[in-house]
Amino acid sequence: FRRVLFRSKEISANLVRVYMQIATEHQEATNFGEALSYFEKCLDVAKKAQNEDIEAECYQRIGLIYHELGQFDEAIEHTNKFLNLSEASRQKLNTDDPNNANKRRIDEQRIIAYKQLAETYVTNPAFISHAIVNLRKVIDVAKENDSKQ
């Protein structure tokens, strides 16, 4: 049973890498429809494999694509899912070590996501206050990292 479980996780990890690579290539070629399709497949496999790091990355990438497509509600939804997962991953690290590579990577991704949310909210004058809140979060994360170095 353990061997089957190990093999299943290995297959899932390989499938995630393949989907991620194909999706990234489509995203870089601005073929957003295909990129979304492969990121969704990658997300599905990551969820089944309970790989929250890949799941978070998929949500972030999907959010970026929806932003590029002007589908701002979907961009906000996926970016917030990314932020929720990344914050949970960050808390699991349970470290104040500013040189922790995983923590720094998560914080860099959070900064990108908060900036993306701010850019998305600023497209609608009714949500300028949301844009400001997210820009403040960018500053907070950056300050937190700078103060620990």
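Report on the accompanying structure.

The rules behind the values
- Residues numbered from 1 in each chain as written.
- Predicted model: local features only at pLDDT ≥ 70, side-chain atom pairs only at ≥ 80, totals over all residues.
- Heavy atoms only, no water.
- Phe/Tyr/Trp six-rings, centres within 6.5 Å; stacked < 30°, edge-to-face > 60°.
- Helix = DSSP H or I, 4+ residues; strand = E, 2+ residues; numbered from the N terminus.
- Buried < 20%, exposed > 50% of the residue type's maximum accessible area, 1.4 Å probe, protein only.
- Lys NZ or Arg CZ within 6 Å of the ring centre and 35° of its normal.
- Expected span 1.5 Å × (residues − 1).
- Polar contact = N/O pair within 3.5 Å; in protein donor to acceptor, adjacent residues only side chain to side chain.

## Re the packing of aromatic side chains
For the coordinates displayed, the defined rule picks out two aromatic pairs. Ring geometry for Tyr19 against Tyr38: centres 6.0 Å apart, planes inclined by 50°, an arrangement best described as tilted. In this pair, Tyr19 sits in helix 1 (residues 2–28) while Tyr38 sits in helix 2 (residues 32–48), placing the two residues 19 residues apart along the sequence. Assigned by exposure class, Tyr19 and Tyr38 land together as buried. Lying over the aromatic face of Tyr38, Lys41 brings its terminal NZ or CZ to 4.6 Å of the ring centre.

## A word on helix 2
For helix 2, which comprises 17 residues, the first-to-last C-alpha distance of 24 Å matches the rise-based estimate of 24 Å (1.5 Å per residue) to within 8%. For helix 2, the full list of buried residues reads Phe32, Ala35, Leu36, Tyr38, Phe39, Cys42, Leu43, Val45 and Ala46. In the segment just after helix 2, Gln50 is the residue with positive phi, at about 55°.

## Considering the side chain of Arg90
If you trace the backbone, Arg90 turns up in helix 4 (residues 72–93). At 2.6 Å, the side chain of Arg90 and the side chain of Asp107 are in polar contact.

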